[in-house]
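Chain by chain, the residues:
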Amino acid sequence: MKKLFTLLFLFSAVTIFSQHNLNGKIIGKDNTPIEGVNIYYDGTTISTVSDADGKFSIKYEPNANSILVISSMGYQTEYLSGLDVSKPLNITLKISENELKEVVVNNNNEFTRAQKLKLFREYF
């Protein structure tokens, strides 16, 4: 009987302390996997990075009540909440379209070489 209670205690301890993982895959345009995507819970230090196949696995914290953030350079950041750990996530990231202002480069020398050298020596 004592062995049975010990066995039940160990089984319940393993179940209580077992970690649940949230698995998924991140793809981009044309269903191509994206490598190096940052996946983390907002406001925590729990994070991971997607592999070459776009797959990831991150420890699930049900008590954290945090938002899962998926971000990568060149793509729009995704924010997910209310996740179901029993199903793998399939996330499609959209390309971020940023427009930069134009830059005009002109060859307008306002200083002579001697003046530039003098300024350089003064400040460095």
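Here's a quick rundown of the structure. (Residues numbered from 1 in each chain as written. Predicted model: local features only at pLDDT ≥ 70, side-chain atom pairs only at ≥ 80, totals over all residues. Heavy atoms only, no water.)

### Topic: the nonpolar core
Thinking step 1. Within the largest apolar cluster, 14 residues are counted, with the highest numbers of intra-cluster contacts made by Ile-26, Ile-39, Leu-68 and Ile-70.
Thinking step 2. Sorting the residues of this core by element identifies β1 (20-27), β2 (38-41), β4 (55-60), β5 (68-71) and β7 (89-92) as the ones contributing at least two each.
Thinking step 3. For Ile-39, the contacting residues outside a window of four places in its chain are Ile-26, Ile-46, Ser-47, Thr-48, Val-49, Ser-50, Phe-56, Ile-58, Leu-68, Val-69 and Ile-70. (Core = buried A, V, L, I, M, F, W, Y, C linked by side-chain atoms within 4.5 Å. Buried < 20%, exposed > 50% of the residue type's maximum accessible area, 1.4 Å probe, protein only. Helix = DSSP H or I, 4+ residues; strand = E, 2+ residues; numbered from the N terminus. Contact = heavy atoms within 4.5 Å.)

### Points about unusual backbone geometry
Thinking step 1. Unlike most non-glycine residues, Asp-30 shows phi in positive territory, near 60°.
Thinking step 2. Structurally, Asp-30 is set in the loop between β1 and β2.
Thinking step 3. Backbone geometry at Asn-31 places phi at a positive 60°, although glycine is not the residue there.
Thinking step 4. Structurally, Asn-31 is set in the loop between β1 and β2.
Thinking step 5. In this structure Asn-31 comes out as exposed when scored by relative accessible area, which is 60%.

### Details of the sheet that holds strand β6 (residues 78-80)
Thinking step 1. Reading across from one edge, β3-β2-β5-β6 is the order of the 4 strands in this open sheet, with antiparallel pairing throughout. The two strands at the open ends of the sheet, each matched to only one other strand, are β3 (47-49) and β6. Strand-to-strand twist in this sheet, taken as the mean axis angle between neighbours without regard to direction, amounts to 15°.
Thinking step 2. In the sheet, β5 pairs with β6 via 3 bridges, with the strands oriented antiparallel. Among the inter-strand pairings, Leu-68 is bridged to a residue of β6, identified as Leu-80. (Pairing = 2+ DSSP bridges. Axes fitted to C-alpha atoms, helices over the stretch in contact; angles between N-to-C directions.)

### Describing the packing of aromatic side chains
Thinking step 1. Inspection of every chain in the model, using the stated rule, returns 1 aromatic pair.
Thinking step 2. Here Phe-120 and Phe-124 contribute two aromatic rings whose centre-to-centre distance is 5.1 Å and whose plane-to-plane angle is 40°, an arrangement assigned as tilted.
Thinking step 3. Take Phe-120: its relative accessible area is 49%, and that puts it in the partly exposed class.
Thinking step 4. Overall, Phe-124 belongs to the exposed group, its relative accessible area being 76%. (Phe/Tyr/Trp six-rings, centres within 6.5 Å; stacked < 30°, edge-to-face > 60°.)

### A closer look at a nonpolar patch on the surface
Thinking step 1. A contiguous nonpolar patch, built from Phe-111, Leu-117, Leu-119, Phe-120, Tyr-123 and Phe-124 and spanning about 720 Å² of accessible area, is present on the exposed surface.
Thinking step 2. Take Tyr-123: it is sitting in helix α2 (residues 113-123). (Patch = residues over 30% accessible without salt bridge, like charges linked within 9 Å, V, L, I, M, F, W, Y side chains within 5 Å. Areas by Shrake-Rupley, 256 points an atom, 1.4 Å probe, with all protein chains shown as cover. Salt bridge = Lys/Arg side-chain N within 4 Å of Asp/Glu carboxyl O.)

### A short note on the pairing of β5
Side-chain direction in a regular strand flips from residue to residue, so the side chains alternate between the two faces of the sheet.
Thinking step 1. Here β5 shows two buried faces, one formed by Leu-68 and Ile-70 and the other by Val-69 and Ser-71.
Thinking step 2. Sheet topology places β2 next to β5; 4 bridges connect them, and they run antiparallel. Bridge pairing in β5 places Ile-39 opposite Ile-70.
Thinking step 3. Two successive antiparallel strands, β5 and β6, enclose a turn made up of 6 residues, where Gly-74 displays a positive phi of approximately 95°.

It is worth stressing that arrangement in space is one thing and function is another; only the former is reported here.
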